[in-house]
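# Remarks on the overall topology
Here's the letter readout for the chains.
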Amino acid sequence: EKLKATLDAACRLRYSNLEISHLKSKEKLLKKDANKSHPVIFGKSRAMQEIMSLVDKIATTDASVLITGENGTGKELIAREIHNRSNRTNELFVLVDLSSLAESLFESELFGHKKGSFTNAYEDKTGRFTMADKGTLFLDEIGNIPLNLQAKILTVLQTRVVTPVGSNKEIPVDFRLISATNKNLTAMVAENQFRQDLLYRMNTILIHLPPLRERLEDVEDLTNHFIK
């Protein structure tokens, strides 16, 4: 009986430590994110009004969203607006800039790792997919990653479980996926540079953001905002 009690206490302590580690990672990301300034979306042009109407309609669903548009058109702002209007607004909005992610750190950053699983893995790390559990995962510049890494993302989207590097334990995840790119993914599929099945998983709802030169009536409002 004493052995059973000792093992039971050890298990409870282990689960508590894992939860604390996970919460600390979430807190660190949340604090970092909270320090950023997120401008309000401005636009009285017909194009922006239609986009915001669509955002309002889809926000409360869990449909995957693909946002396209040139650099600087506000893809991240639209993604945050969808999150803020969703049922997941009280959970984390987790941003992953895939263009700045080294291939060698891809799995560790997205899926997490166990202490000692590779050189410099001095402690357990919670991956971005796990951090986004119950919240929103925003994969920015999705068109910049090679095919072999696209397959790893597809597997998680299909199974909704992640396995940290150095572990054989599967962790179930529940997140709303929003992706963004400045590339033509359909053309990339035709050129075998992007997986068609991954595009299908990401592209339940498509939002295309026009550049400012195509909605000049928004310039005045934006100018006044920046002057203030």
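That block above? That's the structure.
Read on for an overview of the structure.

Parameters at a glance
Residues numbered from 1 in each chain as written. Predicted model: local features only at pLDDT ≥ 70, side-chain atom pairs only at ≥ 80, totals over all residues. Heavy atoms only, no water. Helix = DSSP H or I, 4+ residues; strand = E, 2+ residues; numbered from the N terminus. Buried < 20%, exposed > 50% of the residue type's maximum accessible area, 1.4 Å probe, protein only. Contact = heavy atoms within 4.5 Å. Areas by Shrake-Rupley, 256 points an atom, 1.4 Å probe, with all protein chains shown as cover. Lys, Arg positive; Asp, Glu negative; His and termini not counted. Charge placed at Lys NZ, Arg CZ, Asp CG, Glu CD. Pairing = 2+ DSSP bridges. Axes fitted to C-alpha atoms, helices over the stretch in contact; angles between N-to-C directions. Expected span 1.5 Å × (residues − 1). Arc of directions from axis to C-beta. Phe/Tyr/Trp six-rings, centres within 6.5 Å; stacked < 30°, edge-to-face > 60°. Lys NZ or Arg CZ within 6 Å of the ring centre and 35° of its normal. Salt bridge = Lys/Arg side-chain N within 4 Å of Asp/Glu carboxyl O.

### Points about the overall build of the protein
When helices and strands are tallied, the protein shows nine helices and nine strands. Dimensions of the protein, computed from C-alpha atoms along their principal axes, come out at roughly 75 × 45 × 30 Å. Counting the 228 residues in the protein, one finds 40% classified as buried. Within the protein, residue pairs in contact and separated by at least 24 positions form 75% of the contacts whose partners lie at least 6 positions apart. For the protein, the exposed surface amounts to about 13300 Å²; the carbon and sulfur share of it is 51%. For the protein, the distance from the average site of its 32 positive side-chain charges to the average site of its 30 negative ones is 5 Å.

### Details of the sheet that holds strand β5 (residues 136–140)
Read across the open sheet, the five strands follow the order β2-β5-β8-β1-β9; overall the sheet is parallel. Among the strands making up the open sheet, the edge pair consists of β2 (93–97) and β9 (205–209). Each neighbouring strand pair of the sheet contributes to a mean axis angle of 20°, computed without reference to strand direction. Note that β2 and β5 share five bridges and pair parallel. Paired with Leu95 across the strands is Phe138, a residue of β5. Relative to β9, helix α2 (residues 46–58) is tilted by about 155°, and along the sheet it contacts β1 (65–69), β8 (176–181) and β9.

### Brief notes about helix α6 (residues 147–159)
For α6, with 13 residues, the first-to-last C-alpha span of 19 Å sits near the 18 Å given by 1.5 Å per residue. What α6 keeps buried is the set Leu149, Gln150, Ile153, Leu154, Val156 and Leu157. With its buried residues spanning 160° around the axis, α6 presents them on a single face. Close packing links the buried residues of α6 with α4 (106–111), α5 (128–131), β5, β6 (161–162), β8 and α8 (196–202).

### Quick word on the packing of aromatic side chains
Per the counting criterion, the structure on display carries four aromatic pairs. Between the aromatic rings of Phe111 and Phe129, the centroid separation amounts to 5.5 Å while the plane-to-plane angle is 35°, which identifies the pairing as tilted. Taken together, the residues span a long stretch of sequence, with Phe111 in helix α4 and Phe129 in helix α5 at a distance of 18 residues. Comparing Phe111 with Phe129, the two get one shared label, buried. Among the aromatic residues, those joined into a ring-pair cluster are Phe106, Phe111, Phe129 and Phe175. Looking at Arg160, its charged tip hangs above the ring of Phe175, at a distance of 4.4 Å from the centre.

### Things to note about unusual backbone geometry
One non-glycine residue, Glu141, lies in positive phi territory at about 55°. The residue Glu141 is located in the loop between β5 and α6 in this model. Positioned with a positive phi, Arg160 is a non-glycine residue whose angle comes to about 60°. As for its placement among the helices and strands, Arg160 is situated in the loop between α6 and β6. With relative accessibility at 28%, the residue Arg160 sits in the partly exposed group.

### Digging into the pattern of salt bridges
Tallying each qualifying case throughout the model produces 14 salt bridges. The salt bridge involving Arg12 is made with Asp8; its shortest N-O contact spans 2.1 Å. Note that Arg12 and Asp8 are positioned in helix α1 (residues 2–34) at a spacing of four residues, about one turn of the helix. Taking relative accessible area as the criterion, Asp8 reaches 40% and is therefore assigned partly exposed. Across the pair Arg215 and Asp218 runs a salt bridge whose closest N-O atoms are separated by 2.8 Å. Summarising the burial analysis for this pair, Arg215 and Asp218 share the class buried. Taken together, the salt bridges that share partners define one network made up of Asp56, Glu81 and Arg85.

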